[in-house]
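Report on the structure
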Amino acid sequence: GSYGQKTADAVRAFQLMLLENGVTGIDATGEADAATQDYLYSELLGFKINTPKSYGAGNAAALNPGNLYASACALIDADTGALLFGKEAYAKKYPASTTKVMTLLLALEYPNLSEIVTVPAAAAEIPGDSSRVPIQVGEQLPYEDLVYGLMIRSGNDAANAIAAIAAGSVEAFVDRMNARAVELGLLSTHYTNPHGYHDGDHYTTAADMAELLRRALQNPAFEAIFRARRYTMSATNVRKQRVIECRYDIFNAKSKYYDADAFGGKTGFTTPAGYCFVGAAERNGVRLIAVVFDSGISKYNRWTDAERLFDYGFAVKGV
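Described in the following lines is the structure provided in the data block. (Residues numbered from 1 in each chain as written. Predicted model: local features only at pLDDT ≥ 70, side-chain atom pairs only at ≥ 80, totals over all residues. Heavy atoms only, no water.)

Here we take up helix H4 (residues 143–152). Among the 10 residues that make up H4, 9 are buried, leaving the element largely enclosed by the rest of the structure. Restricting attention to buried positions, one finds in H4 the residues Tyr143, Asp145, Leu146, Val147, Tyr148, Gly149, Leu150, Met151 and Ile152. Positive backbone phi, at 50°, marks Ser154, one or two positions downstream of H4. (Buried < 20%, exposed > 50% of the residue type's maximum accessible area, 1.4 Å probe, protein only. Helix = DSSP H or I, 4+ residues; strand = E, 2+ residues; numbered from the N terminus.)

All right, on to the nonpolar core then. Residues Met102, Leu212, Phe222, Leu309 and Phe310 are the most contacted members of the largest nonpolar core, which totals 93 residues. Looking at this core element by element, the count peaks at 8 residues for helix H5 (residues 156–167). With sequence-adjacent residues up to four places away left out, Phe310 is seen in contact with Leu75, Asp259, Ala262, Gly279, Ala280, Ala281, Leu288, Ile289 and Ala290. Formed by 6 residues, the second largest nonpolar core is a distinct cluster that contains Phe14, Met17, Leu18 and Leu44. (Core = buried A, V, L, I, M, F, W, Y, C linked by side-chain atoms within 4.5 Å. Contact = heavy atoms within 4.5 Å.)

A separate point is the pairing of strand E5 (residues 230–233). Where a strand is regular, its side chains alternate between the two sheet faces. Here E5 shows a clear split, with Tyr231 and Met233 buried on one side and none of Arg230 and Thr232 buried on the other. In terms of strand pairing, E5 meets strand E6 (residues 242–245) through 4 bridges, oriented antiparallel. Among the inter-strand pairings, Arg230 is bridged to a residue of E6, identified as Glu245. (Pairing = 2+ DSSP bridges.)

Where burial is concerned, most of strand E1 (residues 72–77) is hidden: 6 out of the 6 residues are buried. The pairing of E1 with strand E2 (residues 83–87) spans 4 bridges and is antiparallel. Residue Ala74 lies in a different strand from E2, and its bridge partner there is Gly86. Turn length for the E1-E2 hairpin, with the two strands adjacent in sequence and antiparallel, is 5 residues, and the turn residue Gly81 shows positive phi of about 85°.

Turning our attention to a negative patch on the surface. A contiguous patch of negative charge, built from Asp27, Glu31, Asp33 and Asp38, is present on the exposed surface. Mapped onto the elements of the fold, Asp27 is located in the loop between helix H1 (5–20) and helix H2 (34–40). Overall, Asp27 belongs to the exposed group, its relative accessible area being 54%. (Patch = residues over 30% accessible without salt bridge, like charges linked within 9 Å, V, L, I, M, F, W, Y side chains within 5 Å. Areas by Shrake-Rupley, 256 points an atom, 1.4 Å probe, with all protein chains shown as cover. Salt bridge = Lys/Arg side-chain N within 4 Å of Asp/Glu carboxyl O. Lys, Arg positive; Asp, Glu negative; His and termini not counted. Charge placed at Lys NZ, Arg CZ, Asp CG, Glu CD.)

Here you go:
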């Protein structure tokens, strides 16, 4: 098969495990050289090999980076910003639609959320396979409906509409996004659009994303929308009233991936970014923020990783 980046990352993780166990003559390069292959095909029982399937739920505080599917993650204390757990937390990653955390933060600076606005042409200027609310160019609706459509339906059309309405153009809004990233100290973050559709120059890190969400949650209006599971969009000049819903498994009490502590989140997916999730949880007054980037081939892995991170954080916090 193809020896791509994911294979190289896996080989590097194996090499790091060998080094952590005192092996010499190995370099963590991601290349399957002769020395690495000798160990790969040898008896490995003497090594501390951690995989997602070797995770012990009964000892949450023993979580190891190898117990997570994600290639990068971060867990922080939402009050202090302290990094409680990280795995490649400062590595450049593609955020996909988790970008909309920044878009929402800036969108809420619009002076009148209840203002009736007209959907601009920019709303249609998105790639064909984009997620949509959907909305139509020329449709008239409350600005607030665009904001909820952005988060609950992950509408790229809503992202572009908000950008054009709030800043005059999508490009001007992206400039605001990048300026705010610098202002917040997110120095490993750069945006090229307001929705997260893949672009090689559109990136962040798990640590930056966690800090962004921490700062955003200090805005009560942001938290209210971040928590929303259901919203009724107004009737407009082109459609009837409709209800939009968030159906994330982590919030669904009937799902095996349900986490009762989690209170808000945003997913993302593109092929280069993989399955992503940024979310927050609270238990007995302790608030945590988890970021999961590139969580493997299954969309469900992000829920598993997020729950393990939250459980770890609550365990080390003693709640």
